[in-house]
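# Coordinates in review
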Amino acid sequence: MVIVFVSCIGGFVVSGGNPISLVHAGEIMIICGIGLGILVVSSPTSVLIGLKIDIIKAFKGGIASKEKFIDLLVLLYELFMLGRRKGTPALDEHVSDPQNSSIFTKYPSFLNDAGLVEFLCNSLRPIVDGRCKPAEIGGILKAELNSREAEAGRSIKAIEMISDALPGVGIVAAVLGIINTMSNLEDPSSVGAKVAAALSGTFLGIFLAYGIGIPLGRLVSLNQTQEFLYYHIVERSVSGFATGLSPIMAVEIGRRSLDNLIQPSADELEEKCKDAAKGG
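For the structure given in this document, a descriptive report is provided here. Remember, it's a predicted structure, so these values are computed and weren't measured experimentally.

## Side note on the nonpolar core
In this structure, F110 and L120 are the most contacted members of the largest nonpolar core, which totals 48 residues. For this core, the secondary-structure elements that each account for two or more residues are α4 (66-86), α6 (108-111), α7 (114-129), α8 (137-182), α9 (191-242), α10 (247-255) and α11 (266-279). The greatest single-element share of this core, amounting to eleven residues, is contributed by α4. Non-local contacts of F110, meaning those with residues more than four positions away in its chain, are made with L72, L75, F104, L116, V117 and L120.

As structure tokens, then:
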């Protein structure tokens, strides 16, 4: 965003423009007000709340963390080892109260993600309770994951919708400015300034759409893709364990789901899992 603003305003200044001439309270009020109104009318409260959270995450950055992925994989390994040694009912105390679990509390980076904790616990409960066959758990988890991804995608659609609307809103602001100019032609010396103010509305609408809105929507989309890798690891690893894979092979499936840049090596993961087993 800094690059976009500096390039745009800097180029305008270098070519002889005055940046103050781009700032007109009336045009800004029209564009921002209509844009906000469109967003509120077209989005239920849940979408607006999700959009706020996603935008904050986009500015903070750091959605994907190799350390957090390793913590998740080692946590899954510990749970699977416990289930393999003592039987899946032994997982009940950890799934029922993760905040006080002797295993979960070892991995605060995971425990701080309420949505991921809920998804993992919900994934393990059918196995612990024996309410479904092992081969069925994969379909259940995929259905829940698809629902969560569809819900999260509403934020992206909202950003895309407002980005598509902003150029048109800028034209509305410009037309209103021209109407204002044409209705006050008694002072010819003010016509130029009023037309410039009207055109700044068109500029602002297009600038906000293509300089901020569309890139922001793309960033939110990429962040969500990275964030849902955690969920896919849980879904694939739990499904593998439920169907009889050994704990290390179940988490290996999860490891291979990661991008190369954040994927720990097989030896690194195995070493972490061995350290966790010794600690247990």
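## Section: the packing of aromatic side chains
With the rule as written, the count across this model stands at seven aromatic pairs. Between F69 and Y230, the ring centres sit 4.0 Å apart and the planes meet at 15°, which makes this aromatic pair stacked. Of the two residues, F69 sits in helix α4 while Y230 sits in helix α9, which places them 161 residues apart along the sequence. An aromatic cluster is present here, built from F5, F203 and F207 joined pairwise through their rings. Here the guanidinium or amino end of K68 rests over the ring plane of Y230, the centre of that ring lying 4.5 Å away.

## Let's talk about the pattern of salt bridges
Summed over the entire model, instances satisfying the criterion amount to nine salt bridges. A salt bridge links D113 to K68; the shortest N-O distance between them is 3.0 Å. Here the residue D113 occupies a position in the loop between α6 and α7, and K68 occupies one in helix α4, the gap between them amounting to 45 residues. Each of the two residues, D113 as well as K68, counts as buried. With its nearest N and O atoms 3.5 Å apart, the salt bridge here joins R148 to E118. Within this pair, whereas R148 is found in helix α8, its partner E118 is found in helix α7, the two being separated by 30 residues in sequence. What makes R148 buried here is its relative accessible area of 19%. What you see here is one network of salt bridges that share partners, running through E118, E144 and R148.

Conventions used here
Residues numbered from 1 in each chain as written. Predicted model: local features only at pLDDT ≥ 70, side-chain atom pairs only at ≥ 80, totals over all residues. Heavy atoms only, no water. Core = buried A, V, L, I, M, F, W, Y, C linked by side-chain atoms within 4.5 Å. Buried < 20%, exposed > 50% of the residue type's maximum accessible area, 1.4 Å probe, protein only. Helix = DSSP H or I, 4+ residues; strand = E, 2+ residues; numbered from the N terminus. Contact = heavy atoms within 4.5 Å. Phe/Tyr/Trp six-rings, centres within 6.5 Å; stacked < 30°, edge-to-face > 60°. Lys NZ or Arg CZ within 6 Å of the ring centre and 35° of its normal. Salt bridge = Lys/Arg side-chain N within 4 Å of Asp/Glu carboxyl O.

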